[in-house]
Amino acid sequence: MYNDDRVAEFPALKDAQSKLDAKRKSLADVLSEAGPEYDMSKVKSLAGDTHAKVAEIGKMNAEIDECKKKVDELLVVARAAAAAKKDEVGSESGDGAREEGSRERKDGSPFNLGDTFTKSKAFKEYHRGTSPVASLDVTLKTLFQTTAGWDSEDLRTGRVELTPTRPAPHVVQFLPQTTTSMSNVVYMEETTFTNAAAEIAEGGTYPEAALALTERQEPVRKVAVFLPVTDEQFEDEPRARDYVNNRLPFMIRQRLDSQVLVGNGTAPNLRGTENVTGIQTQALGADSIPDAIYKAARKIRDDGFAEPSVVFIRPSKWESVRLLKTADGVYIWGHPSMPGPFTIWGIPVVETTAVTETKAVLGDYANFSELAMRRGMDVQVSNSHSTFFAEGKLAIRADIRAAMIHYRPKAFAEVTGL
């Protein structure tokens with residue numbers, strides 16, 4: 001917005017500026033609804049699907065450009081009118097009668113910088129083809145410049161560039177999610193299955209089978225984060241509240257993505273796939289990554305009697321697979337112009353830095369895993385923490401409570417040594 005008296009003096013400019021500000025605020029509100037991940041499903045102020053909402057945002061941006069153009073045009077007119085008015089006032093008061101650059105000598109007579117130069121020794125001794133230097137003994141006032149004068153008024157663009165970090169949720173979206181009202185998710189696992197069924201002769205003894213169940217449980221764990229904020233930050237910058245409300249839950253989702261894969265299971269950590277007892281293991285050894293992943297998937301099928309639903313692997317490791325070529329230079333995993341998603345042996349591949357760098361993790365998450373939510377995302381604000389009340393600060397916290405269950409360990413595998 002232009003902080004200029006001209007805005008008040010020219011109603012048309014004032015109206016155009018107000019219209020521009022209103023449209024900018026409307027667009028900012030929509031982007032705030034979408035959050036840092038620009039999730040259009042969260043935008044309730046616009047109708048339609050994602051494509052319709054994006055098109056409407058484009059339309060809003062075009063309207064802002066048009067309003068800005070109108071304001072700029074009116075501002076040029078306003079400035080010209082103001083300059084003309086100033087010149088008119090100056091002429092009437094006699095200020096314009098003196099030549100630009102004029103000063104007064106000590107005796108009160110007019111001083112002109114040009115006259116001084118033409119009377120200088122350098123000018124009088126000037127001959128064509130030479131470059132004289134004139135030394136003028138002139139007393140000038142303090143230079144009117146930015147550091148001692150009027151600093152320019154600059155406005156932020158409104159864009160906030162976020163720290164590059166692992167996107168979330170990126171892993172848990174491949175896990176079935178349920179709810180639980182308990183502090184532990186308890187279930188029974190069949191740990192003994194002896195199938196003695198066989199053919200017998202007439203009057204023969206029936207073979208004896210054996211079955212045994214073991215109670216298993218996974219405790220509900222809390223993932224939490226806290227941020228101190230001053231009262232003034234929220235009061236003076238309206239977008240600060242939305243920024244914090246988006247970033248704190250994002251931190252929780254990012255941490256949860258990591259925990260469901262690499263959590264060690266020791267309180268208060270969840271137990272991630274890599275630390276589940278009894279999962280399949282396949283060392284890379286002399287194999288290529290595709291061969292090792294296929295062998296791990298085969299173990300899941302042979303021993304876990306399950307079908308892998310996803311492979312989690314680091315981008316740096318998937319790169320070597322994606323760039324594999326034949327001897328004559330043809331890409332094995334598809335031409336660079338081929339769009340995703342990517343698969344390996346028919347299994348969807350998810351590139352994520354949440355998995356351990358030297359491993360690839362795969363399994364039948366669709367049928368034999370569960371992320372049980374005791375409580376979804378909860379964000380609370382209070383000034384009762386420590387001395388925050390007396391210091392004018394707010395404590396903002398966010399947390400969730402969840403349990404990660406792997407019902408059939410042999411339905412999961414890790415490829416090591418990558």
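Keep in mind that this is a model prediction, so the values were computed, not measured.

Quick look at the overall build of the protein now. For the protein, the helix and strand inventory stands at 11 helices and 14 strands. The proportion of buried residues among the 418 residues of the protein is 30%. Within the protein, counting contacts between residues at least 6 apart in sequence, those at least 24 apart form 71% of the total. Here the protein displays about 27000 Å² of accessible surface, and carbon together with sulfur accounts for 53% of that area.

This next bit is on helix 2 (residues 11–34). Its 24 residues place the ends of helix 2 35 Å apart at the C-alpha level, agreeing with the 34 Å of an ideal helix rising 1.5 Å per residue. For helix 2, the complete set of buried residues consists of Leu13, Ala16, Gln17, Leu20, Leu27, Val30 and Ala34. Positive backbone phi, at 80°, marks glycine 35, one or two positions downstream of helix 2.

This next bit is on the nonpolar core. Across soluble globular proteins, nonpolar side chains have a tendency to be buried as a group. Val260, Leu261, Ile344, Leu362, Tyr365, Leu371 and Val415 are the most contacted members of the largest nonpolar core, which totals 55 residues. Residues within four places of valine 260 in sequence aside, it is in contact with Val171, Val172, Leu175, Gly272, Thr273, Leu371, Met404 and His406.

A separate point is the environment of alanine 292. Position of alanine 292 among the secondary structure elements: in helix 8 (residues 289–303). Its relative accessible area of 0% is what places alanine 292 among the buried residues. In this structure, the C-alpha to C-alpha distance between alanine 292 and valine 415, residues 123 residues apart in sequence, is 6.7 Å. Non-local contacts of alanine 292, meaning those with residues more than four positions away in its chain, are made with Gln282, Leu284, Asp287 and Val415.

Another aspect to go through is the pairing of strand 10 (residues 347–351). Sheet analysis places strand 8 (residues 310–313) next to strand 10, joined by 3 bridges and oriented parallel. Bridge pairing in strand 10 links isoleucine 313 to glutamate 351. With 2 bridges connecting them, strand 9 (residues 343–344) and strand 10 associate as antiparallel partners. By the bridge assignment for strand 10, threonine 343 is matched with proline 348.

A few words now on unusual backbone geometry. Cis geometry is found at the peptide bond from alanine 168 to proline 169, where omega equals -5°. Cis rather than trans, the peptide bond between alanine 267 and proline 268 has omega equal to 10°. Position of proline 268 relative to the elements: it lies in the loop between helix 7 (238–262) and strand 7 (280–283). A positive phi angle is found at tryptophan 345, which is not glycine, with a value near 55°. Tracing the sequence through the fold places tryptophan 345 in the loop between strand 9 and strand 10.

Once that is clear, we can look at helix 7. An ideal rise of 1.5 Å per residue puts 36 Å on 25 residues; helix 7 measures up with 38 Å between its terminal C-alpha atoms. Where helix 7 begins, the side chain of glutamate 237 points an oxygen toward the backbone nitrogen of arginine 239, at a separation of 3.1 Å.

Turning next to the sheet that holds strand 8. What the 6 strands build is an open sheet, ordered 7-14-11-8-10-9; its pairing is mixed. Across the chains shown, the open sheet's two edge strands, defined by having one partner strand only, are strand 7 and strand 9. Against the sheet, helix 8 touches strand 7, strand 8, strand 9, strand 10, strand 11 (360–363) and strand 14 (412–416), its axis set at about 155° to strand 7.

Moving on: the sheet that holds strand 3 (residues 177–179). Spatially, 3-12-13-6 is the arrangement adopted by the 4 strands of the open sheet, whose pairing is mixed. Strands at the two margins of the open sheet, each flanked by one partner only, are strand 3 and strand 6 (221–230). Each neighbouring strand pair of the sheet contributes to a mean axis angle of 30°, computed without reference to strand direction. Pairing geometry for strand 12 (residues 369–382) and strand 13 (residues 393–406), over 11 bridges, is antiparallel. Across the sheet, the residue bridging to valine 379 is alanine 398, located in strand 13. Running over the sheet, helix 7 touches strand 6, strand 12 and strand 13 and is turned about 25° from strand 13.

Moving on to the packing of aromatic side chains. The full count for this structure, using the stated rule, is 8 aromatic pairs. With a centroid separation of 5.5 Å and 80° between ring planes, the pair formed by phenylalanine 312 and tyrosine 365 is classed as edge-to-face. Residue phenylalanine 312 is found in strand 8, and its partner tyrosine 365 is found in helix 10 (residues 365–368); the two are separated by 53 residues along the sequence. Side by side, phenylalanine 312 and tyrosine 365 carry an identical accessibility label, which is buried.

Time to look at the environment of threonine 194. Checked against the element boundaries, threonine 194 lands in strand 4 (residues 184–194). Taking C-alpha positions, threonine 194 is 4.8 Å from alanine 210, a pair spaced 16 residues apart along the chain.

Calculation notes
- Residues numbered from 1 in each chain as written.
- Predicted model: local features only at pLDDT ≥ 70, side-chain atom pairs only at ≥ 80, totals over all residues.
- Heavy atoms only, no water.
- Helix = DSSP H or I, 4+ residues; strand = E, 2+ residues; numbered from the N terminus.
- Buried < 20%, exposed > 50% of the residue type's maximum accessible area, 1.4 Å probe, protein only.
- Contact = heavy atoms within 4.5 Å.
- Areas by Shrake-Rupley, 256 points an atom, 1.4 Å probe, with all protein chains shown as cover.
- Expected span 1.5 Å × (residues − 1).
- Core = buried A, V, L, I, M, F, W, Y, C linked by side-chain atoms within 4.5 Å.
- Pairing = 2+ DSSP bridges.
- Polar contact = N/O pair within 3.5 Å; in protein donor to acceptor, adjacent residues only side chain to side chain.
- Axes fitted to C-alpha atoms, helices over the stretch in contact; angles between N-to-C directions.
- Phe/Tyr/Trp six-rings, centres within 6.5 Å; stacked < 30°, edge-to-face > 60°.

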